[in-house]
Amino acid sequence: MTNIIINGGKTLEGTLPIFGAKNACLPIICATALAEEKVTLSNIPDLSDIELLLGLLEEIGCQTSFCKEKREVEVTPNIAKTELSQKANKMRASILMLAPLLARKGSAKIPYPGGCSIGGRPIDITLDGLRALGVSFEDSDDYLIASAGKLKACEFTLKFPSVGATEALIMAASLAEGTTVFHNVAREPEITDTMDFLNALGADMFFSDDNSITINGAEKLAGCQHRVIPDRIITGTYAVIGALCAGEKGILIENCQPKHLQTELNVLQQAGVKMDIKENSIFIPQQDKNYVGVDFETSVYNGFATDLQAPIMMFLTQCDGEAHVTENIYENRFMHVPHLNNMGAKITPVSHHLAVVKGKTDLVGAKVESTDLRGSAALVIAGLIAEGQTIVEKVQHLDRGYETLDKFLANIGADIKRGTVL
Ligand code: EPU
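Bear in mind that the values here come from a model prediction, so they are computed numbers and not experimental data.

## Brief notes about the overall build of the chain
Phase 1: Of regular secondary structure, the chain possesses 13 helices and 23 strands.
Phase 2: On C-alpha atoms alone, the chain measures out to a radius of gyration of 22 Å, which is about the 22 Å that the 2.2 N^0.38 rule sets for 422 residues.
Phase 3: Within the chain, the proportion of its 422 residues that are buried is 56%.
Phase 4: Considering only residue pairs separated by 6 or more positions, the chain has 73% of its internal contacts joining residues 24 or more positions apart.
Phase 5: Accessible surface for the chain amounts to roughly 16400 Å². Of this, 46% is attributable to carbon and sulfur atoms.

## Looking at the nonpolar core
Phase 1: In this structure, I50, L57, I60, L98, F182, F197 and L198 are the most contacted members of the largest nonpolar core, which totals 79 residues.
Phase 2: Apart from residues no more than four positions distant in its own chain, I60 is found in contact with A33, N78, I79, A80, K81, E83, L84, M97 and L101.
Phase 3: Grouped together as the second largest cluster of nonpolar side chains are 72 residues, I251, V357, L373 and A378 included.

## Structural notes on the site of the ligand
Phase 1: The environment of the ligand is made up of 20 residues, and the closest members are S162, G164, D307, I329 and R374.
Phase 2: A distance of 2.7 Å separates an oxygen atom of the ligand from a polar atom in the side chain of R374.
Phase 3: For the shell around the ligand, the elements supplying multiple residues, two or more each, are α1 (22-31), α4 (124-132), α5 (163-174) and α11 (373-385).
Phase 4: With 3 residues, the single largest contributor to the shell around the ligand is α1.

## Some details on the environment of D204
Phase 1: Mapped onto the elements of the fold, D204 is located in strand β11 (residues 204-209).
Phase 2: By relative accessible area, which is 35% here, D204 ends up partly exposed.
Phase 3: C-alpha separation for the pair D204 and A382, spaced 178 residues apart in sequence, amounts to 46 Å.
Phase 4: Ignoring any residue separated from it by four or fewer positions in sequence, one finds D204 in contact with N199, T214, I215 and N216.

## Here's the deal with the pairing of strand β18 (residues 321-326)
Phase 1: Two strands pair when backbone bridges link them, and strand β17 (residues 296-297) and β18 are joined in this way by 2 bridges, in the parallel orientation. Within β18, the position partnered with F296 by the bridge is V325.
Phase 2: Each parallel crossover has a hand, and for β17 linked through helix α9 (residues 309-316) to β18 it is right-handed.

## Some details on the domain arrangement of the chain
Phase 1: Here the chain is described as being made up of domain 1 (3-18 + 230-419) and domain 2 (22-227).
Phase 2: Using only C-alpha atoms to locate each centre, domain 1 and domain 2 end up separated by 31 Å.
Phase 3: Taken together, the contacts link 23 residues of domain 1 with 22 residues of domain 2.
Phase 4: Run the count over domain 1 and domain 2 and you get 3 salt bridges.
Phase 5: The salt bridge partner of R71 is E403, with a shortest N-O separation of 2.6 Å.

Basis of the calculations
Residues numbered from 1 in each chain as written. Predicted model: local features only at pLDDT ≥ 70, side-chain atom pairs only at ≥ 80, totals over all residues. Heavy atoms only, no water. Helix = DSSP H or I, 4+ residues; strand = E, 2+ residues; numbered from the N terminus. Rg over C-alpha atoms; globule rule 2.2 N^0.38 Å. Buried < 20%, exposed > 50% of the residue type's maximum accessible area, 1.4 Å probe, protein only. Contact = heavy atoms within 4.5 Å. Areas by Shrake-Rupley, 256 points an atom, 1.4 Å probe, with all protein chains shown as cover. Core = buried A, V, L, I, M, F, W, Y, C linked by side-chain atoms within 4.5 Å. Near = heavy atom within 4 Å. Polar contact = N/O pair within 3.5 Å; in protein donor to acceptor, adjacent residues only side chain to side chain. Pairing = 2+ DSSP bridges. Right-handed = clockwise from strand over helix to strand, strands pointing away. Domains from an automatic or database assignment. Salt bridge = Lys/Arg side-chain N within 4 Å of Asp/Glu carboxyl O.

Now the structure itself:
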């Protein structure tokens, strides 16, 4: 079991670089299996989920390589097999392999994606949309078994603008016969990036109105080079760290795209955080920290991202007054709350969807447990400002989405290190 140990109270100064968004890399890596020629992806973060997904591509017959120094992934696509082993259920994103297998080979057998601590995360919208494209599913306890002839264009309305379902369906329809229209789609930047990637392969898809995507099916897709968009969630996490820890020389977040997190940056600015926001960077100078609490509620893009709820709730503990946080996307995404309270925060979860944060509270170091990816980031931030030592246990959750967060923070002055406990 790996822990992160933080001695809090240090001021931080320097540069924090941003690399490609995990949640764009995952669909794009799956979508490489739709191509018939070599694909080169750049700006790839060094995360365990990326390696796992490349392993799944290898299982079906693709050749892959990941040059970490260059942050480049190369895939030479080939589908020799349409079945994935049980390894695939280690990550929910493996469901995104379904569409390429069906679109290119007309069959797929993949393990049901495992449960998830932040909520049930059903896949019914993906399955209904694939049915509309002509896919049929067999009943099986452990595996999702699907078959189809050549996929046929359809018009389909998603009952909720699910990110994963939108990604799966645009992949499938990219090779369907005819023109498909999906209504009530998700519009997250990661969806746009996936569409840009598919179009670079030779697909023909575009947002036809605010909530619809039209796709003219292609005969086949070639190869391409694509640079993945910067991670907006890590950018927002670093902005919170800057707001709470920046020393005299400030913190520069570079190679980001602030336009992708305007809603969340607005919340920080309304609370009183001063930032110099440029097209590809955010500079956070030392702050006077007279912050006031601001209510926010999570929603689909370009509402407030659920993935920044925990880090920004942590920030609210350092603001005066009472602030309401409403989580509308997941039913169990307040798992960080008892751990923050353990460190001195005063957060009352009123329901699974509403929490009230009373600030400002001084935090003290404690032993806390990382329960999910974004909650873990909130605990690390708490450790950076707490008095004394904080030990964040089970940081494997953190490592799924934040590449060596501890090293990047140590580089700018944090007293943070890893420890292994047997
Ligand atoms: N939903 C359904 N039916 C479906 C699909 C989704 O009811 O068929 C519900 C889910 O239960 C959930 C909500 O819709 O309550 C949102 O799910 P969505 O499908 O939009 O999310 P996702 O594709 O499973 C991606 C990110 C998540 C991020 C969400 C929302 C990836 C790999 N994951 O998940 O990222 O929270 O979109 O923006 O892209 C994270 O990075 O920490 C993370 C959880």
